[in-house]
Amino acid sequence: MMDLALFRLPDGRAWVGEGPFAEAAAPPGGTAFYVNDFTLSDARPWKIPARLTPVKSREDLWAALAQNEALNDAAAPKVRWQKPATEWFKMAFRRIRKDVLAHKLRKLVPVLTEEGELQSGDPRVLLCRVLEAPDGLWGYARVQGNQGFLGATPELLMQIEGSTLRTMALAGTAKPNREESFAADVKEIEEHELVAGFIEEALKEFGQVSRGAREVSHPAGLTHFRTDISVQLQNSADINDLIARLHPTPAVGCLPRDESGREKLAEYRRQLKTPAFFGAPFGLKVDDAFHCVVSIRGLAWNEATMFLPSGCGIVGGSAFDHEWRELRLKRESVAKLFGV
Ligand SMILES: C=C(O[C@@H]1C=C(C(=O)O)C=C[C@H]1O)C(=O)O
């Protein structure tokens, strides 16, 4: 059975870890992956591989994999996707927007998942695409037997090097052909500032926070607002605590992030059958640094069923047709990158 984790940095450096993985509650001294689900339900999220190999090319990756013969002949997956139905998502959209207008919520991110049936080929072949994703994206993958997930995300949850923690607010998405007016789009700015403000506030207890300017960023064919934020950590802060403090940011979660908000978020994720990996933190502690991303722009599979999720922030000014199109654009960017 294949048991592996893969992590790639935006500059192309990548590592593949092979199982069996030892599991720990706290970060170990050496190298380990951090893999959890969206609700952080795994009490032992630190996965220490039996073997870790730096990989540069798909040849390196195949050579590093114990089962490389089986994969060498495998073809890229062909998937028959089903058109997602609007009803459930429309209902969720209306209820969230109503709650926002009634001041019960400020923002919530529902997730729509397109499902498909694997017709031929092997989804594990897509591990190559993770490795070869465009610069500027972080790649992540976890495969266990006949299930797995992988993706190429533009969103950093945190990177800790020495006493500096870097993170970003990435939220607010341009409509197609409206990139010029995006920088002044009041609704998208509001959506973005909710995320940036939350992160800034959450990090204050850990040290001096610096916040960069709001910028327009173009990862993988989409246009988003991005604000870089960093903090000088006062004490050697516990990584698990930092993850729990930041995740889920309102870029993939809700605001306020109180019990009632979190319950609503969990309820929508259940109703809409959001895969557990989606939006969760995924990281690697290596070479005295910890890199951890938000697992979006990815897909998952369980035997022959494929899942392609995407989410969008709903605020008072959101309109269903725009959000529906934004969800599609996000899925299309993933489908294009992975050739599915
Ligand atoms: C939830 C996703 O993306 C997140 C939501 C965004 C938004 O609502 O504008 C933008 C970037 C991401 O933080 C996704 O890609 O599925």
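Conventions used here
- Residues numbered from 1 in each chain as written.
- Predicted model: local features only at pLDDT ≥ 70, side-chain atom pairs only at ≥ 80, totals over all residues.
- Heavy atoms only, no water.
- Helix = DSSP H or I, 4+ residues; strand = E, 2+ residues; numbered from the N terminus.
- Buried < 20%, exposed > 50% of the residue type's maximum accessible area, 1.4 Å probe, protein only.
- Contact = heavy atoms within 4.5 Å.
- Pairing = 2+ DSSP bridges.
- Phe/Tyr/Trp six-rings, centres within 6.5 Å; stacked < 30°, edge-to-face > 60°.
- Axes fitted to C-alpha atoms, helices over the stretch in contact; angles between N-to-C directions.
- Parallel < 35°, antiparallel > 145°, perpendicular 65-115°, else oblique.
- Left-handed = near helix turned anticlockwise from the far one by under 90°.
- Nonpolar A, V, L, I, M, F, W, Y, C, P; charged D, E, K, R; others polar.
- UniProt positions renumbered as here; feature names shortened; annotations may be inferred.
- Core = buried A, V, L, I, M, F, W, Y, C linked by side-chain atoms within 4.5 Å.

Under an unreviewed UniProt entry, the name given to the chain is Menaquinone-specific isochorismate synthase, and the organism recorded is Roseimicrobium gellanilyticum.

A. Inspection of the side chain of T173 at higher detail. Summarising the element assignment, T173 is placed in strand β13 (residues 164-173). Residue classification places T173 among the buried positions, given a relative accessible area of 6%. Setting aside residues up to four positions removed in sequence, T173 forms contacts with F182, E188, T223, H224, E326 and K330.

B. Structural view of the environment of F290. Within the secondary structure, F290 is located in strand β18 (residues 289-294). Each residue touching F290, except ones within four places of it in the same chain, is listed here: Y34, W46, M158, Q159, I160, I239, I243, G283, L284 and K285.

C. Layout of the pairing of strand β4 (residues 32-35). Across the two faces of β4 the burial is the same, with A32 and Y34 and F33 and V35 all buried. Pairing analysis gives four bridges linking β4 to strand β17 (residues 281-286), with the strands arranged antiparallel. Its bridge partner being in β17, Y34 is matched across the sheet by G283. Two strands pair when backbone bridges link them, and β4 and strand β5 (residues 46-48) are joined in this way by two bridges, in the antiparallel orientation. Bridged to F33 within β5 is K47.

D. Focus on the packing of aromatic side chains. Taken as a whole and assessed by the stated rule, the structure comprises 14 aromatic pairs. Look at F89 and F320: their rings are 6.4 Å apart centre to centre, the planes differ by 50°, and that puts the pair in the tilted class. Note that F89 is positioned in helix α3 (residues 87-101) and F320 in helix α9 (residues 320-338), a separation of 231 residues in sequence. The exposure classification of F89 matches that of F320, with both residues buried. Ring geometry for Y140 versus F282: centroids 5.8 Å apart, planes at 45°, classification tilted. One end of the pair, Y140, is in strand β10 (residues 138-144); the other, F282, is in strand β17, and 142 residues separate them in sequence. As far as the burial class goes, Y140 and F282 line up, both buried. Ring pairs connect the aromatic residues F7, Y140, F149, F277, F278 and F282, which therefore count as one cluster.

E. Fine view of the packing of α3 against α9. Here α3 crosses α9 at 125°, and the two axes come no closer than 11 Å. Relative to α9, the element α3 lies oblique. In terms of crossing hand, the pair formed by α3 and α9 is right-handed. Residues F89, K90 and F93 of α3 lie in contact with α9, whose contacting residues are F320, E323, W324 and L327. Of the residues in the contact of α3 with α9, the class split is five nonpolar, no polar and two charged.

F. Just the UniProt feature "domain: Chorismate-utilising enzyme C-terminal" (unreviewed entry) in the chain, in detail. As annotated in UniProt, the feature "domain: Chorismate-utilising enzyme C-terminal" (unreviewed entry) corresponds to residues 88-330 in the numbering used here. In the segment residues 88-330, helix accounts for 30% and strand for 37%; the C-alpha atoms at its two ends are 19 Å apart.

G. The nonpolar core, seen in detail. Among the nonpolar cores identified, the biggest contains 73 residues, and M158, L203, F282 and F290 are the most heavily contacted of them. It is helix α6 (residues 186-203) that provides the largest number of residues to this core, a total of seven residues. If we skip the residues at most four places from it in the chain, M158 touches L165, R166, T167, L242, I243, L246, F290, H291 and C292. Formed by 32 residues, the second largest nonpolar core is a distinct cluster that contains L4, V55, V79 and A335.

H. Region of the structure containing unusual backbone geometry. Cis geometry marks the peptide bond from H247 to P248; its omega dihedral reads -10°. Here the residue pair L255 and P256 is connected by a cis peptide bond, since its omega of -5° sits within 30 degrees of zero. With respect to the secondary-structure elements, P256 resides in the loop between β16 (254-255) and α8 (259-271). Phi at K273 takes a positive value of approximately 55°, unusual for a residue other than glycine. By the element assignment, K273 lies in the loop between α8 and β17. The exposure class assigned to K273 is exposed, which follows from its relative accessible area of 64%. Within the chain, R297 stands out as a residue other than glycine whose phi angle is a positive 50°.

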